[in-house]
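Residue-level listing of the chains:
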Amino acid sequence: MSSTEDLSLEYRSFSLDLAEPLETADGTIDSRDGFLVRLVDESDDVGDGVVGVGDEPTAGPAVGYGEATPLQGWTESLDACERALERARDALQTDGPIEALETVDRQVAARHALALALADLQATRESTPLYRYLGQGPMVGRVPVNATISDGTPAETVRKAREAVDRGFDCCKLKVGIRSVEADIERVRRVREAVGSSVELRADANEAWTYEEAESALEAFTDLGVSILEQPLPAGALEGHADLRELNSGVSIALDEGLLEHGVDSICEADAADVVVLKPMALGGIDVARKVAAWLTELDVTPLVTTTIDGVVARTGAVHLAAAIPDVPACGLATGELLAADLGRDPVLLEKGSAVVPQAKGLGVSDVWSER
Ligand SMILES: O=C(O)CCC(=O)c1ccccc1C(=O)O
Ligand SMILES: [Mg+2]
């Protein structure tokens, strides 16, 4: 970045309700609170500096957007996040972007917001879509996505899976682990009967099961054609997950919570995962997540990307991250439809089980600051 830049960071708090609560074995998510971040380069006065109606610059200083949406158990608290953003704002004024990132190094949601805003700003200056700025890779038109289905009654689960397939999804991830394993096997069986054999089904237990429970689930899931079982055992259980893989059930084992606890090297040394789930909000940013993805690929583990049920800014950042990962499998990015309201217009179209990747410069999110 130029040495003449004069970046200022502003943030605003937001609260978004979910359209209906997302039930998981780890608790219910019914709203998402966080901070929308805007970076403005005051020195970068391209054009005539005219500021449009609202306060969206038309031809004026370059702008970058970021989002910090903490989630209990995955990131710092909302309070710690706000204090970190305050520090980042001050460090940016007195020292610069590198120092600002350093001051929020341990507050992953705050770091996510700052890193995203910096990347959006820089990609915008370079007139490059964010995923190409990130990955330096080829043009990517779409990334495959899964529908995210709450851990509800069998009837609700079947209804939601059917609806998702009717809307074009060909991969559904079912939350499991609240009920008994037998009940979950029955839920998955009923969904399989309802959607047919061509739809990919995954299950995410969010650490709910014992080894024996996971083993019996895997046995049934093999016959039901479940492709991925995500985090069946507690995050600490690296060996347990490695043992589940050794059963050769044909169902891939994915770690999610386990990544935050152990890191890539321990997971790979233990042979504990076929797939690792990357949540940029919990990893400290799409830049960090992109490096983790490259390292996993190098070690023959498949990365996939999901949100933590974020607003449009972070969600679109995650879409760009997924687009920068070659041959990424279906990702948990269709989570905007779980929200009752959003921060602004969604630039990502969902079509036939894919997210259409924005090709505009930067993130491609534009009307989030003025429409408030
Ligand atoms: O992966 C998806 O389909 C959506 C994301 C998701 O399930 C999730 C959302 C918030 C917190 C945790 C998780 C999870 O994957 O465990
Ligand atoms: Mg998960």
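Residues numbered from 1 in each chain as written. Chains lettered and ligands numbered in written order. Predicted model: local features only at pLDDT ≥ 70, side-chain atom pairs only at ≥ 80, totals over all residues. Heavy atoms only, no water.

**Quick look at the packing of helix α6 (residues 181-195) against helix α7 (residues 211-224)**
At a closest axis distance of 10 Å, the pairing of α6 and α7 adopts a crossing angle of 15 degrees. As far as their axial angle goes, α7 and α6 are roughly parallel. Crossing handedness for the pair α6 and α7: right-handed. Residues V181, I185, V188, R189 and R192 of α6 lie in contact with α7, whose contacting residues are E213, S216, A217, A220, F221 and L224. In terms of residue class, the contact of α6 with α7 is made up of seven nonpolar, one polar and three charged. (Axes fitted to C-alpha atoms, helices over the stretch in contact; angles between N-to-C directions. Helix = DSSP H or I, 4+ residues; strand = E, 2+ residues; numbered from the N terminus. Parallel < 35°, antiparallel > 145°, perpendicular 65-115°, else oblique. Left-handed = near helix turned anticlockwise from the far one by under 90°. Contact = heavy atoms within 4.5 Å. Nonpolar A, V, L, I, M, F, W, Y, C, P; charged D, E, K, R; others polar.)

**Quick notes on the site of ligand 1**
Within the structure, ligand 1 sits among 18 residues, and N146, T148, K173, N206 and K279 are positioned closest to it. Take N146: an N or O atom from its side chain is 2.9 Å from an oxygen atom of ligand 1. The protein chains hide 98% of the 380 Å² of surface that ligand 1 would expose on its own. With respect to the pocket detection grid, ligand 1 is positioned in the largest pocket. Here the shell around ligand 1 is composed, by residue class, of four nonpolar, eight polar and six charged. (Near = heavy atom within 4 Å. Polar contact = N/O pair within 3.5 Å; in protein donor to acceptor, adjacent residues only side chain to side chain. Areas by Shrake-Rupley, 256 points an atom, 1.4 Å probe, with all protein chains shown as cover. 1 Å grid on protein atoms, 1.4 Å probe; cavity = no way out; pocket = protein on both sides within 12 Å on 5 of 7 lines; lining within 4 Å. Sits in = over half its atoms within 2 Å of the grid points.)

**Side note on the pattern of salt bridges**
Side-chain pairs of opposite charge can arise whenever the charged atoms involved come near each other. Taken as a whole and assessed by the stated rule, the structure comprises 22 salt bridges. Taking the shortest distance from any N to any O, the salt bridge between R89 and D90 comes out at 3.8 Å. Among the ionic pairs, E163 bridges to R159, the shortest N-O distance being 3.3 Å. One end of the pair, E163, and the other, R159, are both in helix α5 (residues 154-166), four residues apart, so they sit about a helical turn from each other. For E163, a relative accessible area of 37% corresponds to the partly exposed category. Among the residues examined, R159 registers a relative accessible area of 40% and is labelled partly exposed. (Salt bridge = Lys/Arg side-chain N within 4 Å of Asp/Glu carboxyl O. Buried < 20%, exposed > 50% of the residue type's maximum accessible area, 1.4 Å probe, protein only.)

**A few points about the UniProt feature "active site" (unreviewed entry) in the chain**
Taken from the UniProt record, the annotation "active site" (unreviewed entry) applies to K175 and K279. In this structure, the largest cavity is lined, among the annotated residues mentioned, by K279. Mapped onto the elements, K175 comes out in strand β8 (residues 171-175). When neighbours within four sequence positions are excluded, K175 is seen to be in contact with E23, T24, I149, S150, D151, R187, D204 and N206. Relative to the helices and strands, K279 is located in the loop between β12 (275-278) and α10 (280-283). If near-sequence neighbours (up to four positions away) are discounted, K279 is found in contact with W74, D256, T306, T307 and T308. In terms of polar contacts, K279 uses its side chain to reach the side chain of D256, at 2.7 Å. (UniProt positions renumbered as here; feature names shortened; annotations may be inferred.)

**Quick word on empty space enclosed by the protein**
For the structure on display, the rule yields one cavity of 30 Å³ or more. Approximately 40 Å³ is the volume attributed to the largest cavity. Along the walls of the largest cavity sit W74, D256, L259, L260, V277, L278, K279, A282 and L283, which together make up its complete lining. Broken down by secondary-structure element, the contributors of at least two residues to the lining of the largest cavity are α9 (257-269), β12 and α10. Across the lining of the largest cavity, the residue classes tally to seven nonpolar, no polar and two charged. (Points joined across faces, edges and corners; volume = space filled by probe spheres on them.)

**Examining the sheet that holds strand β6 (residues 142-144)**
In space, the three strands of this open sheet follow the order β6-β15-β14, with antiparallel pairing throughout. Of all strands in the sheet, those bounded by a partner on one side alone are β6 and β14 (349-351). The average angle at which neighbouring strand axes cross in this sheet is 30 degrees, direction not considered. (Pairing = 2+ DSSP bridges.)

**Quick look at the coordination of the magnesium ion (ligand 2)**
Those donors, D204 (OD), E230 (OE) and D256 (OD), are the protein atoms that reach the magnesium ion (ligand 2), and they lie 2.0 to 2.3 Å from it. Of note, the donors binding the magnesium ion (ligand 2) are all from one chain and are spaced D-x25-E-x25-D. One end of the pair, D204, is in strand β9 (residues 200-204); the other, E230, is in strand β10 (residues 226-230), and 26 residues separate them in sequence. Judged by relative accessible area, which is 5%, E230 ranks as buried. (Donors = N, O, S within 2.8 Å, 3.2 Å for Na, K, Ca; no water.)

**Side note on the packing of aromatic side chains**
All chains considered together, the criterion is met by two aromatic pairs. Look at Y11 and F35: their rings are 5.8 Å apart centre to centre, the planes differ by 85 degrees, and that puts the pair in the edge-to-face class. With Y11 in strand β1 (residues 7-24) and F35 in strand β2 (residues 27-41), the pair connects residues that are 24 residues apart, well separated along the chain. By the burial criterion, Y11 is buried, and F35 matches it. Ring centres 6.4 Å apart and planes at 50 degrees place the aromatic pair W209 and F221 in the tilted group. Of this pair, W209 sits in the loop between β9 and α7 while F221 is found in helix α7, placing the two residues 12 residues apart along the sequence. Both residues of the pair, W209 and F221, belong to the buried class. Sitting over the face of the ring of W369, R12 holds its NZ or CZ atom 4.0 Å from the ring centroid. (Phe/Tyr/Trp six-rings, centres within 6.5 Å; stacked < 30°, edge-to-face > 60°. Lys NZ or Arg CZ within 6 Å of the ring centre and 35° of its normal.)

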